Amino acid sequence: MSADGFAFLDGEWRVHNRRLADFLDPESGWKEFAGRTTGRLFWDGRAHVDEIVFPSEGFSGLTLRLYEPETGEWTLNWSNSRTARLDPPVRGRFAADGTGEFHGTDDYAGRPVRVRFRWSGIGPRTARWEQAFAAAGTEAWVTNWVMEFSRA
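### So, the side chain of His48
Tracing the backbone through its elements, the reader meets His48 in strand β3 (residues 47-54). Not counting chain neighbours up to four residues away, the residues in contact with His48 comprise Phe6, Leu9, Asp10, Gly39, Arg40, Leu41, Thr63, Leu64 and Arg65.

Structural data, given as structure tokens:
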């Protein structure tokens, strides 16, 4: 996958979420909740924007995904309605098997972290997204948010 990498995400999806209470503590307990997302392609598939709404959580998010032809990578840029700030992007690409891995850096609870997004199980009616953090200076990745997408 290259510039058409996020074409699968176009349109409307239901999203089942599992999120850790503390993104760096795998023992903090999981919360499950529903979401729904609507996405749209631009620039012949080289840009994708979606809004995800979490009715029970009281917030929503926006993601802007941009394909950079000169690097062959995507940048994924996230903002949510609680902070209204654009988080630092993650960047990466899709492998030949269709899975995508994207990395970046950010802060969580005042601590620097490395961030990993992973897309897998991509098909016409399903997809899976995972977020993981590793505290700076460690190799211990903690998967802290999982979204299971199903076509609406």
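### Examining the nonpolar core
In this structure, Phe6, Phe102, Trp119 and Phe149 are the most contacted members of the largest nonpolar core, which totals 28 residues. Among the elements that make up this core, the one with the highest residue count is strand β8 (residues 111-120) (four residues).

### Overview of the layout of surface pockets
Looking at the largest pocket, its volume works out to about 760 Å³. Phe23, Trp78, Asp87, Gln131 and Trp145 are the residues nearest the centre of the largest pocket, which is lined by 35 residues in total. For the lining of the largest pocket, the element with the highest residue contribution is strand β7 (residues 100-108), accounting for four residues.

### Observations concerning the side chain of Asn77
Note that Asn77 resides in strand β5 (residues 73-80). A relative accessible area of 11% places Asn77 in the buried class. Reaching out from Asn77, the side chain makes a polar contact with the side chain of Thr75 at a distance of 3.5 Å. For Asn77, the contacting residues outside a window of four places in its chain are Leu62, Thr63, Leu64, Leu86 and Pro89.

What counts, and where the lines are drawn
Residues numbered from 1 in each chain as written. Predicted model: local features only at pLDDT ≥ 70, side-chain atom pairs only at ≥ 80, totals over all residues. Heavy atoms only, no water. Helix = DSSP H or I, 4+ residues; strand = E, 2+ residues; numbered from the N terminus. Contact = heavy atoms within 4.5 Å. Core = buried A, V, L, I, M, F, W, Y, C linked by side-chain atoms within 4.5 Å. Buried < 20%, exposed > 50% of the residue type's maximum accessible area, 1.4 Å probe, protein only. 1 Å grid on protein atoms, 1.4 Å probe; cavity = no way out; pocket = protein on both sides within 12 Å on 5 of 7 lines; lining within 4 Å. Points joined across faces, edges and corners; volume = space filled by probe spheres on them. Polar contact = N/O pair within 3.5 Å; in protein donor to acceptor, adjacent residues only side chain to side chain.

That is the geometry; function is a separate question.
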